Amino acid sequence: QVVKTHRLGPWAGTARRAPRRRTGPCHRERRGKRGAVLTAMPSVAGVATAVPSTLGGTRTLLLLSCALAGVFTHILWTNGSRGPSCNPAGSRWNMFAEVWHKQITAIALPADAGDEDVQEETAGGSSNSAVALSGPLARVYVVNVATAQNRWEFMEASLGHFFNGRVQGLPRWQRFDAATPRHDGCDLPYSLSDCCTMSHMNVLLNFSRDTAVRDDQWVIVLEDDVALHPSVPPHRLGDIITAALRQAGHMRSPFMYLGLCSPRCSGPEVLLNSAHGASMSFRAQCGGLCTHAYAVQKFLAPRIPEYLKSMLGKQKTIDQGLFRISDALNMSLLGSQLRSHDVRSSGSVHSGIFYMKAFGDSLTVGDWELKSKVDTAGCPATAFWRGFRLQRFSRDVSDVIQMRPRCALTFEEPGSNVYPYEAVLKLFTDIRAAEEGRILDPGGKRCKMIDVTVSGYLQSFRYFEGVEETVRTAFAPPKVSKTKADAWLNKFRKKLADKDASAKWFLVGVQVRRGDKVHHKGFSSIYAPVEWDFYRAGMKLVADKLADRAGNAKVAFVITAGGSMGSNAQDIKETRAELEGDDAGDQVRGFAEGLDAYTDYALLAAMDAVVISASSFGWWAAYVSAAGAAEGLVVAPRDIYRPSNELAKGFKAEDYYPPQWTILANTGKL
């Protein structure tokens, strides 16, 4: 069964915040005021290769989070900029808390709620048309991206037989379409305007409009990446949930977590006994930092979206927003004594009867394309860092429970754009040694937590080996920039068709870096100049290669120029004077003028071949393009720094550039 969201549009007319990435559909990851922690991945090697670098060469400090053999490994990530404010919401928050407290205390719950026999729910149709159970639990929804069929199949295979309408106390569950950027205009995780938040709001609003459900009945909301804790007796799951919902109702706790990261509870712990003898720990007055499994009473369901909408710009995430009201709602936790074995929660304490599973398709599942976000004011490197929202790899430092004994390891690149193989190998050797107890904390005790501080540019293709497609997806052009680039290319292709409609036109991007590296004395003394002959040689090289691909092949060059702060008009003028040509024969040249840096990036990423300058902007544009993975379709200059400069020490073009790229001398010679 699939419940359509019908685009409820709770964010209509409101400002959207920047996107962040997550999996399935709401992978937990956040950014703190000063830093973040990378999402835990199945192996340390997997994390190391997934660390992206800044686009503008800005120095960056990273903290990665890895889990090996149950030891907590964290790598902190900061980039010098302050994140969004986390100040309390003030008087408006107090108003919501007071109103909700009155709502909770005003409703008298029947003492015998949930004592009736279970009625099997009608199959098919949405929750608004299905027959509600007479017990406390009326609905169960699984929030799932429509194209993520593997997630739904996993849920059906692992838990579907419990929620098939035949288990005492558990109604048949229903699949609920998660919101996506393409269909609903929401942001990628993680912010209060993201698709995760919208999905939860939609499911709660849908439940609140269900006329077959009483105000005191409950809905369970599950994300599509949860599993039942192994200590929970499966055949007693219905009894346990029914007993817990009754307990929560009697304790005036209309919101009950079934799984919670970094739980912070102040209420007494209770051991619940079900009608058939199963027992489970339960605790009230709990808050925490994840929303992958929870239950809500109907009377409260419509008020949560209202509250979350009011918190836009005041809280960073749905988890933090709900944490702010955990005391006012007397939120509770079922399975408070349970600890999960999930690799993704290894960086923090996780409790509850459901825990999160780890999936490897974090950036590629479904249609989770990047949300439009363009802000090129100020330093281009900073703008690109913020625009691409690399925080979607991350988890908030404050979300990690600090544990002792603690070991601290460090990794620092010995030079700019240098890949130190021996240092990387030593880092992972030391991590393994700390895990196995061969490296101890300063007090001589075995480590329970390992902090790894990483600093450097981290711009080498070798860091990304094995996860190239994930990194390429992460750095794909923002949607709005791609739209602008496509519009420009459509006009350009029309020009080509008018010139020769029968030809097979191949597009070659040429990225020219001018600006401060050429005209600023300080920078020009550091960076090696790239001669105009280099661009001409590179253009001829790839044009000849593409010409062999079809009998009627012709080549058109799309030339971008930049590097100056503010306007790139001077860069374009200088480039035109050298590379304009006469559009004779089988070649046409078009100059991308009046476009922002993001659109230039999207243009270059769409090319069949790319000629780049000594530029991290060009490096990334070529890397994410289809040409970047092909043999000989990217041409780059050998030298980044002047040989006399200190930064040139240790730099190796063979470590910096992927092996399939063609490297020419900066003068244009092989």
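Novice: Please clarify how the overall build of the protein chain should be interpreted in this entry.
Specialist: The secondary structure content of the protein chain amounts to 19 helices and 27 strands. When contacts within the protein chain are restricted to residue pairs at least 6 apart in sequence, those whose partners lie at least 24 apart make up 78%. When the accessible surface of the protein chain is split by element, carbon and sulfur atoms take 51% of a total near 25,900 Å².

Novice: Looking at this structure, I do not really get unusual backbone geometry. What am I missing?
Specialist: Trans peptide bonds make up most of the peptide bonds, and negative phi angles are found at most residues other than glycine. The backbone phi angle of arginine 252 is positive, close to 60°, even though this residue is not glycine. Mapping arginine 252 onto the fold places it in the loop between α6 (237–250) and β9 (255–257). The exposure class assigned to arginine 252 is partly exposed, which follows from its relative accessible area of 36%. Of note in this structure, asparagine 330 is not a glycine but carries a positive phi near 50°. Relative to the helices and strands, asparagine 330 is located in the loop between α8 (318–324) and β16 (332–334).

Novice: When you look at the confidence of the model for the protein chain in this model, what are you seeing that I'm missing?
Specialist: Low pLDDT marks stretches whose predicted atomic positions should not be read closely. Summary statistics for the protein chain give a mean pLDDT of 75 and a share of 70% for residues scoring 70 or more. Contacts for the low-pLDDT stretch residues 1–130, under 50 throughout, to residues beyond four places or in other chains number 428 contacts. In this model, residues 359–377 is a region of pLDDT below 50 whose contacts with residues beyond four sequence positions or in other chains number 72 contacts.

Novice: Help me out: how do you make sense of the pairing of strand β26 (residues 634–637) in this one?
Specialist: Moving residue by residue along a regular strand, the side chains alternate between the two faces of the sheet. Side chains Val634 and Ala636 project from β26 onto one buried face, and the interleaved Val635 and Pro637 project onto a second face that is buried too. By the bridge criterion, two bridges tie strand β25 (residues 609–611) to β26 in an arrangement that is parallel. The residue of β26 that forms the bridge with valine 611 is valine 635. Two elements, β26 and strand β27 (residues 662–664), share three bridges in a ladder whose sense is parallel. Its bridge partner being in β27, alanine 636 is matched across the sheet by isoleucine 663.

Novice: I tried to follow the nonpolar core on my own but got confused; where do I start?
Specialist: Soluble, globular proteins show a tendency: their nonpolar side chains are buried together. One finds Val508, Val510, Tyr535, Trp619, Trp620, Tyr657 and Trp661 to be the most contacted residues of the largest nonpolar core, which totals 85 residues. With residues near it in sequence (within four places) discarded, tryptophan 661 still touches Ile612, Trp619, Ala622, Tyr623, Gly628, Val634 and Ala636. Residues Leu204, Val219, Val296 and Leu308 belong to the second largest nonpolar core, which totals 36 residues.

Novice: Looking at this model, I keep getting lost on the state of the cysteines. Mind explaining?
Specialist: Linking two cysteines covalently through their sulfur atoms gives a disulfide. A full pass over the atoms with the stated rule returns four disulfides. The disulfide that involves cysteine 261 links it to cysteine 290, with 2.3 Å between the sulfurs. Taking the torsion about the sulfur-sulfur bond, which here is approximately 105°, the covalent link between cysteine 261 and cysteine 290 counts as right-handed. Of this pair, cysteine 261 sits in strand β10 (residues 259–261) while cysteine 290 sits in the loop between β14 (286–287) and β15 (293–297), and the two are 29 residues apart along the sequence. Given the relative accessible area of 0%, cysteine 261 is considered buried.

Novice: Just checking my understanding: could you explain helix α3 (residues 149–159) for this structure?
Specialist: Since there are 3.6 residues in each turn of an α-helix, residues three or four apart along the chain are aligned in direction. Listing the buried residues of α3 in full gives Arg151, Trp152, Met155 and Leu159. Taken down its axis, α3 places every buried residue within 95° of arc, on the same side. Taken together, the buried residues of α3 touch β5 (137–144), β6 (174–177), β7 (218–223), β8 (226–228) and β18 (354–356).

Novice: What's the story with the packing of helix α12 (residues 479–499) against helix α17 (residues 597–605) in this structure? I'm lost.
Specialist: The geometry of a pair of packed helices is captured by two quantities: the angle between their axes and the separation between those axes. Put simply, α12 and α17 touch, their axes get as near as 8 Å, and they point 65° apart. Viewed along their axes, α12 and α17 form a crossing whose handedness is right-handed. Together, Ser481, Lys482, Lys484, Ala485, Trp488 and Leu489 of α12 and Tyr598, Thr599, Ala602 and Leu603 of α17 make up the contact between the two elements. Here the residues of the contact of α12 with α17 are counted per class, giving six nonpolar, two polar and two charged.

Novice: Teacher, can you tell me more about the sheet that holds β25 here?
Specialist: Sheet strands line up and pair through hydrogen bonds in the backbone, either parallel or antiparallel. Spatially, β24-β23-β22-β25-β26-β27 is the arrangement adopted by the six strands of the open sheet, whose pairing is parallel. The strands lining the two open edges of the sheet, one partner per strand, are β24 (587–591) and β27. If you compare each strand with its neighbour and ignore which way they point, the axes differ by 20° on average. Strands in contact with α12 are β22 (504–513), β23 (553–562) and β24; relative to β24, the strand with the most contacts, it is inclined by about 155°.

Novice: Would you explain the pattern of salt bridges in this entry?
Specialist: Note on pairing: side chains with opposite charge can pair once their charged atoms come close. Counted under the stated rule, the structure contains 23 salt bridges. Of the charged contacts, one joins aspartate 177 and arginine 175 as a salt bridge, the two residues approaching to 3.3 Å between their closest N and O atoms. Taken individually, aspartate 177 and arginine 175 each receive the classification buried, so the pair is uniform in this respect. When salt bridges that share partners are traced, they join Asp533, Arg536 and Glu578 into one network.

Novice: Whenever I open this one, the packing of aromatic side chains confuses me. Can you help?
Specialist: The geometry of an aromatic ring pair is captured by two quantities: the separation of the ring centres and the angle between the planes. Summed over the entire model, instances satisfying the criterion amount to 23 aromatic pairs. Ring geometry for phenylalanine 255 and tyrosine 294: centres 5.1 Å apart, planes at 10°, overall stacked. Of this pair, phenylalanine 255 sits in strand β9 while tyrosine 294 sits in strand β15, placing them 39 residues apart in sequence. According to the relative accessible area criterion, tyrosine 294 is buried, its value standing at 2%. The lysine or arginine in question, lysine 504, covers the ring of phenylalanine 506, its NZ or CZ lying 5.4 Å from the ring centre. The ring of tyrosine 527 has lysine 517 lying over it, and the distance from NZ or CZ to the ring centre is 4.3 Å.

Novice: Got a minute to help me understand the side chain of asparagine 417 in this structure?
Specialist: As for its placement among the helices and strands, asparagine 417 is situated in the loop between β20 (406–412) and α10 (421–435). The exposure class assigned to asparagine 417 is buried, which follows from its relative accessible area of 7%. Among the polar contacts listed, one links the side chain of asparagine 417 to the side chain of tyrosine 641, at a separation of 2.9 Å. Those residues in contact with asparagine 417 that lie beyond four places of it in its chain are Tyr457, Gln459, Tyr641, Phe651 and Tyr656.

Novice: Looking at this structure, I do not really get the pairing of β22. What am I missing?
Specialist: Of all 10 residues in β22, eight are buried, a share of seventy percent or more. Pairing of β22 with β23 involves 10 bridges; the strand directions are parallel. If you follow leucine 507 over to β23, its bridge partner there is alanine 556. Of the strand pairs in this sheet, β22 and β25 are connected by three bridges, and their pairing is parallel. Among the inter-strand pairings, valine 508 is bridged to a residue of β25, identified as alanine 609.

About the cut-offs
Residues numbered from 1 in each chain as written. Predicted model: local features only at pLDDT ≥ 70, side-chain atom pairs only at ≥ 80, totals over all residues. Heavy atoms only, no water. Helix = DSSP H or I, 4+ residues; strand = E, 2+ residues; numbered from the N terminus. Contact = heavy atoms within 4.5 Å. Areas by Shrake-Rupley, 256 points an atom, 1.4 Å probe, with all protein chains shown as cover. Buried < 20%, exposed > 50% of the residue type's maximum accessible area, 1.4 Å probe, protein only. pLDDT = per-residue confidence, 0-100. Pairing = 2+ DSSP bridges. Core = buried A, V, L, I, M, F, W, Y, C linked by side-chain atoms within 4.5 Å. Disulfide = S-S within 2.5 Å. Arc of directions from axis to C-beta. Axes fitted to C-alpha atoms, helices over the stretch in contact; angles between N-to-C directions. Left-handed = near helix turned anticlockwise from the far one by under 90°. Nonpolar A, V, L, I, M, F, W, Y, C, P; charged D, E, K, R; others polar. Salt bridge = Lys/Arg side-chain N within 4 Å of Asp/Glu carboxyl O. Phe/Tyr/Trp six-rings, centres within 6.5 Å; stacked < 30°, edge-to-face > 60°. Lys NZ or Arg CZ within 6 Å of the ring centre and 35° of its normal. Polar contact = N/O pair within 3.5 Å; in protein donor to acceptor, adjacent residues only side chain to side chain.

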